[in-house]
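Remarks on the overall topology
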Amino acid sequence: SFEKFRDAIQNAAGFRNEYKGIVCININSWVNHINERNFVKFLEYLSVNSDVWHIIFVIDSACKDKLDELEAILSVYFRIEKVTFNLPDTQTLYLYMEKRIKKYGFIINEDAKNILIETIDELRKSKYFDGYKTLNMICSDLVYREFSTDKFESYEITKETAEYYSKKSDFVIKAKSNFE
């Protein structure tokens, strides 16, 4: 709400009684309300303070169909520069996982590698995939799963372990349903 935003700015200002700095605002929830009076009032408030605030608006790529209209409205109040961030490709994300697994002293065999690459590729298709956070969790889980077996023999992530995270696994199905 506007009041929470104003309170956060006042808290950041502290004893100076004026905040000067960066304000980052996720406007995903406003995408379908950009012509409403409250959103316009909010933009007017931000605009009045834009000489002391560097304002960053964040929006998910899932809202592409509304970007042009949103950009037009924002440009009435601000000089805007559009910056796009893309997720790294699947291979780069896999190499990140492999490096992370190596920190635990493990290697990933070829069969497990193929499964994990398919999994990353499948997860990347979700519009809300949170990238490294999910990969870190999978890496930790893979290592835990290896260590927790009764027959721990080697520091190798195998196909059997990786299948818990295959693109058709419960993990991926639940993750995608939570994302979407």
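My aim in this report is to walk through the structure given alongside it, one point at a time. (Residues numbered from 1 in each chain as written. Predicted model: local features only at pLDDT ≥ 70, side-chain atom pairs only at ≥ 80, totals over all residues. Heavy atoms only, no water.)

With respect to the environment of Leu-95
As for its placement among the helices and strands, Leu-95 is situated in helix α4 (residues 90–103). Residue Leu-95 is classed as partly exposed on the basis of its relative accessible area of 43%. (Helix = DSSP H or I, 4+ residues; strand = E, 2+ residues; numbered from the N terminus. Buried < 20%, exposed > 50% of the residue type's maximum accessible area, 1.4 Å probe, protein only.)

A word on a negative patch on the surface
A cluster of acidic residues, Glu-110, Asp-111, Glu-160 and Glu-163, forms a negative patch at the surface. The topology assignment puts Glu-110 in helix α5 (residues 110–124). (Patch = residues over 30% accessible without salt bridge, like charges linked within 9 Å, V, L, I, M, F, W, Y side chains within 5 Å. Areas by Shrake-Rupley, 256 points an atom, 1.4 Å probe, with all protein chains shown as cover. Salt bridge = Lys/Arg side-chain N within 4 Å of Asp/Glu carboxyl O. Lys, Arg positive; Asp, Glu negative; His and termini not counted. Charge placed at Lys NZ, Arg CZ, Asp CG, Glu CD.)

Describing the pairing of strand β1 (residues 21–26)
Alignment of β1 against strand β2 (residues 53–58), held across 6 bridges, turns out to be parallel. Of the residues in β2, the one forming a bridge with Gly-21 is Trp-53. The parallel pair β1 and β2 is bridged by helix α2 (residues 37–48), and the resulting crossover is right-handed. (Pairing = 2+ DSSP bridges. Right-handed = clockwise from strand over helix to strand, strands pointing away.)

A look at the packing of α4 against α5
Between α4 and α5, the shortest axis-to-axis distance is 9 Å and the interhelical angle comes to 125°. For the element pair α4 / α5, the angle class is oblique. α4 and α5 meet at a crossing whose hand is right-handed. Where α4 abuts α5, its residues Thr-90, Gln-91, Leu-93, Tyr-94 and Met-97 lie against Lys-113, Leu-116, Ile-117, Ile-120, Asp-121 and Arg-124. (Axes fitted to C-alpha atoms, helices over the stretch in contact; angles between N-to-C directions. Parallel < 35°, antiparallel > 145°, perpendicular 65-115°, else oblique. Left-handed = near helix turned anticlockwise from the far one by under 90°. Contact = heavy atoms within 4.5 Å.)

Focus on the pattern of salt bridges
A side chain with one charge may pair with a side chain of the opposite charge, provided their charged atoms come close. By the definition in use, this model includes 2 salt bridges. Salt-bridge contacts for Glu-71 lead to Lys-82; the nearest nitrogen and oxygen are separated by 3.2 Å. Here Glu-71 is found in helix α3 (residues 64–77), whereas its partner Lys-82 is found in the loop between α3 and α4, with 11 residues between them in sequence. For Lys-125, the salt bridge goes to Glu-122, with nearest N and O atoms at 3.6 Å. Residue Lys-125 is classed as exposed on the basis of its relative accessible area of 59%. On the basis of relative accessible area, Glu-122 is assigned to the buried category, the value being 16%.

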